[in-house]
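Descriptive analysis of the structure
Each chain, written out:
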Amino acid sequence: MKPRAMKSVFFPLVAALAGLAPLRADLLLQPNDLVAVTGDSITEQKRYSVLIEDYLLMCQPATGLNALQLGSGGAGAYVGGMRAPFNLAPFHPQVATMLYGMNDGQYQALNEPMAAGFRKGTTDSIEAYKTAGVRTILVSSPTCICVKGQTADQVMYNHTLAAFGDMAKKIAADENVAFTDTHGIMAAVIAKGVAADPNYNLGPDGVHQEWAGHLIMAYAMLKGLGCDGAIGTITVDLAAHTVTGTPGQKIVSQDDGTIQVESTRYPFCFSGDPKDSQSTVNVINYLPFNQDLNRYMLVVKGVTGSKAKVTWGSASKQFTADELAKGVNLAAAFAGDNPFSAAFAKVNDAVVAQQTDETGLTKYWLGGMKDLVSSLPSQGPVLDQITQVGIKERNRLAQAAATAVVPVDHTIKIESEP
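An account of the accompanying structure is given in this report. Here the structure is a predicted model, which is why all the values come from computation and not from measurement.

Conventions and cut-offs
- Residues numbered from 1 in each chain as written.
- Predicted model: local features only at pLDDT ≥ 70, side-chain atom pairs only at ≥ 80, totals over all residues.
- Heavy atoms only, no water.
- Helix = DSSP H or I, 4+ residues; strand = E, 2+ residues; numbered from the N terminus.
- Rg over C-alpha atoms; globule rule 2.2 N^0.38 Å.
- Contact = heavy atoms within 4.5 Å.
- Areas by Shrake-Rupley, 256 points an atom, 1.4 Å probe, with all protein chains shown as cover.
- Lys, Arg positive; Asp, Glu negative; His and termini not counted.
- Charge placed at Lys NZ, Arg CZ, Asp CG, Glu CD.
- Core = buried A, V, L, I, M, F, W, Y, C linked by side-chain atoms within 4.5 Å.
- Buried < 20%, exposed > 50% of the residue type's maximum accessible area, 1.4 Å probe, protein only.
- Salt bridge = Lys/Arg side-chain N within 4 Å of Asp/Glu carboxyl O.
- Pairing = 2+ DSSP bridges.
- Axes fitted to C-alpha atoms, helices over the stretch in contact; angles between N-to-C directions.
- Polar contact = N/O pair within 3.5 Å; in protein donor to acceptor, adjacent residues only side chain to side chain.
- Phe/Tyr/Trp six-rings, centres within 6.5 Å; stacked < 30°, edge-to-face > 60°.

We now examine the overall build of the protein. A count of helices and strands for the protein gives 15 helices and 14 strands. Computed over the C-alpha atoms, the radius of gyration of the protein is 23 Å, within 12% of the 22 Å expected from 2.2 N^0.38 for a compact globule of 418 residues. Overall, the protein is about 75 × 55 × 35 Å in size when its C-alpha atoms are taken along their principal axes. Look at the contacts in the protein between residues 6 or more apart in sequence, and 78% of them connect residues 24 or more apart. Carbon and sulfur atoms form 56% of the exposed surface of the protein, whose accessible area is close to 16900 Å². Within the protein, one finds 32 positive and 38 negative side-chain charges whose respective centroids are separated by 3 Å.

If you look at the biggest cluster of nonpolar residues, it comprises 124 residues, and the most contacted ones within it are Phe289 and Leu298. By residue number, the principal contributor to this core is helix H4 (residues 48-59), which donates nine residues. With residues near it in sequence (within four places) discarded, phenylalanine 289 still touches Tyr55, Leu215, Tyr219, Phe268, Phe270, Ile284 and Asn294.

Turning our eyes to something else, we now look at the pattern of salt bridges. A full pass over the atoms with the stated rule returns eleven salt bridges. For the salt bridge of glutamate 44 with lysine 363, the shortest nitrogen-to-oxygen distance reads 2.9 Å. Linking glutamate 44 in helix H3 (residues 41-44) with lysine 363 in helix H14 (residues 341-375), this pair joins segments that are 319 residues apart in sequence. Grouping residues by exposure puts glutamate 44 and lysine 363 together as buried. Ionic pairing is found between glutamate 175 and lysine 130, a salt bridge with its closest N-O pair at 3.1 Å. In this pair, glutamate 175 is assigned in the loop between helix H7 (152-174) and strand E5 (178-180) and lysine 130 in helix H6 (residues 112-131), connecting sequence segments 45 residues apart.

Read across the sheet, five strands follow the order E2-E1-E3-E4-E5 without closing on themselves; strand pairing throughout is parallel. If you trace the sheet from one side to the other, it starts and ends with strand E2 (66-71) and E5, each paired once. Taken over all neighbouring pairs, the strand axes of this sheet differ in orientation by 20 degrees on average, direction set aside. Strand direction decides the pairing type here: strand E4 (residues 136-140) and E5, joined by three bridges, are parallel. Note on E5: the bridge partner recorded for leucine 138 is alanine 178.

One open sheet accounts for four strands, arranged E7-E6-E10-E13; its pairing is mixed. Bordering the open sheet on either side are strand E7 (242-245) and strand E13 (328-329), each of which pairs with just one other strand. In terms of strand pairing, strand E6 (residues 230-237) meets E7 through four bridges, oriented antiparallel. Of the residues in E7, the one forming a bridge with valine 236 is valine 243.

Pairing of strand E9 (residues 258-263) with strand E14 (residues 408-417), which is carried by six bridges, proceeds in the antiparallel orientation. From the neighbouring strand, valine 261 faces E14, where its bridge partner is histidine 410. As paired elements, strand E11 (residues 307-312) and E14 share six bridges and run antiparallel to each other. Opposite tryptophan 312, over in E14, you have isoleucine 412 as the bridge partner.

By secondary structure assignment, the location of threonine 311 is in strand E11. The buried category is assigned to threonine 311, whose relative accessible area is 18%. Among the polar contacts made by the side chain of threonine 311, one reaches the side chain of serine 316 at a distance of 2.7 Å. In this structure, threonine 311 is in contact with Ser316, Thr411, Ile412, Lys413 and Glu415, ignoring residues within four places of it in sequence.

Bringing the packing of aromatic side chains into the picture now. Under the counting rule described, the total for this entry stands at 15 aromatic pairs. With 5.2 Å between their ring centres and 85 degrees between their planes, tyrosine 200 and tyrosine 286 make a pair best called edge-to-face. Residue tyrosine 200 is found in the loop between helix H8 (182-196) and helix H9 (211-224), and its partner tyrosine 286 is found in the loop between helix H10 (280-283) and helix H11 (289-293); the two are separated by 86 residues along the sequence. The two residues tyrosine 200 and tyrosine 286 agree in class, both being buried. With a centroid separation of 5.8 Å and an interplanar angle of 25 degrees, the aromatic rings of tyrosine 296 and tryptophan 312 are classed as stacked. Of this pair, tyrosine 296 sits in strand E10 (residues 295-301) while tryptophan 312 sits in strand E11; the two residues are 16 residues apart in sequence, bridging distant segments of the chain. Among the aromatic residues, those joined into a ring-pair cluster are Tyr55, Tyr219, Phe268, Phe270, Phe289 and Phe344.

Any functional reading would require information that these geometric values do not contain.
Encoded structure:
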């Protein structure tokens, strides 16, 4: 069975659970899309690629989505095109993201030969992805170097990376593909973080960043793909004793302000020490992830006092009646720990297992098969059978990640206060 056909067998459960909300015209994702996340060693870290797949599976901007991690350490923009025929094409992805540039500048000041190489490599890779049948291509500007006590050389190289970003934006326009400015978004987060704490940084070497930096990358990619963050809304009228939920949020029962919900669409969950600049829960202080991509709203009408206590899981917070009437984002208010955290972590673990397998399969197995096919052309059919074994195992792990998204039962309790 070919990979494209296997997707339709493996992911119907997620599609069924997500509800039938219509897709927006600006969303570049379609139901059952496979998103290939391509890039250099930053991608091969399997962090922003994992966060993207977490979002696609659990936050469900469209039904039945999945991702494929295709990072390769040391790669420049040209490598995407070189590797496309053997590490991307066999999976038939409908969507691909491209994050290159860190290696293309060789950590030097920009010069014209270097710029010409980046332009050609980026263009050639886009064309190779089109040839492989990719419908939607999202080109990203490179990341930034963010490390405590930046040297003059690191500041200089950020200028080179910014210039690559300008080139990538023009190439994307010329090639009629999408673009996202990861560099600009990351630079803005760094500026806010450093203003709050002069020691703020995103990773020990500034290049291979910790989870906070990768959440910024994932944010940029998901925004570039048109995700709007409308995860779900639960609307409560205390006076009328009514509760409604949007698709993916089933109201099981409600009694005097206590609402039981069964959710098949999760809000995105964060982890780490809020005081640690390298944790995802810290970086959301400087990144509008919750506002733009993670709105799990509670709207409460009929609060009899000036405020109310909302208990969600084991935590409680106080909100004014006006705040509740306008809508409170539970994903933001309970960002550190909430009833979805444990389920989210289990899916995340399954995604990590899948993407770890993908690195070995695409970087070494399929790369080696390319050389074997060249030296043993008569054995092509046999080698293709071996390749399909690796792809089948990858798809098994992808199915496991998708089916790990199970309904989450949780309770929201609202108590009016004077």
